[in-house]
Structure formats: structure tokens, C-alpha cells
Amino acid sequence: MSQEKVLADGFSFKRNENAPDFVVGRLAIKVEDAVAFMKENQKNGWVNISIKYGRSGNPYCELDNFEPSSMSKNGGDMLKNGQNMSKNDDSMLKKTTVNEVDLNDELPF
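Residues numbered from 1 in each chain as written. Predicted model: local features only at pLDDT ≥ 70, side-chain atom pairs only at ≥ 80, totals over all residues. Heavy atoms only, no water.

With that out of the way, let us pick up the confidence of the model for the protein chain. Of all residues in the protein chain, 62% have pLDDT values of 70 or greater, and the mean over the chain is 78. Across the protein chain, helix H1 (residues 31-41) holds the top mean pLDDT of 97, while helix H2 (residues 73-80) sits lowest at 50. (pLDDT = per-residue confidence, 0-100. Helix = DSSP H or I, 4+ residues; strand = E, 2+ residues; numbered from the N terminus.)

Here's what the structure looks like:
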């Protein structure tokens, strides 16, 4: 079940701790290596790359080769039976009023 890690050749991600909060990091791309890597690893015209932290604490770029195995049994049955939730069906969504929300909570922006 464990797949071998494939580092993304030609991609380098670095964080700058002195950068403002809205700056996540810097991605440097060595074109020749990156193009060869992408051509070799593309699926349907796409290459997914994950940015992760190594044991050393440094970020690295890795090929994301995740593929869903199959739909879960319940999810597949719901779609087959036409029981999937329509866009207008909000009966399962929790309704929240302004009074229930703590307006002193820190906003993410």
C-alpha cells in the first residue's frame, strides 16, 4: 500500500521566515529538469506535486500520485439509486444565526 516517494525534479520550494504572513514561500523551477519530469509523470495532461516537510524540517516537492481506489460502497449506492443530494437540498446543513456566532473570534483575513 505504501508507494515509493518520487521527488519532483526541477522544483524547489523555500520558505522565508521574515516574509509577511500572506507569503507562503517561493517556488523555483529549473525549466529543463521540470519539463522532463512533467512529461514523464503526466496523467491526462496533469502533474500533481505536494509540498511537504522532511524530517529535517525543510520543505521538499514530491510527486503526488494518489489515485482513489473506488467509490465507497455507500457513496456508490447513493449515486446509483439517484439519491445524491441536490444543490437545493439544504435540510442536512446546519443553520446558524448571527446571534450564535461569536463575533469576537479572529477572522482568517
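What follows is about the side chain of asparagine 41. By the element assignment, asparagine 41 lies in helix H1. The exposure class of asparagine 41 is buried, given its relative accessible area of 18%. Excluding residues that lie within four positions of it along the chain, asparagine 41 makes contacts with Trp46, Val47 and Leu63. (Buried < 20%, exposed > 50% of the residue type's maximum accessible area, 1.4 Å probe, protein only. Contact = heavy atoms within 4.5 Å.)

Here serine 50 is to be found in strand S3 (residues 49-53). A relative accessible area of 17% means that serine 50 is categorised as buried. In terms of polar contacts, serine 50 uses its side chain to reach the side chain of aspartate 64, at 3.5 Å. Ignoring any residue separated from it by four or fewer positions in sequence, one finds serine 50 in contact with Tyr60, Cys61, Glu62 and Asp64. (Polar contact = N/O pair within 3.5 Å; in protein donor to acceptor, adjacent residues only side chain to side chain.)

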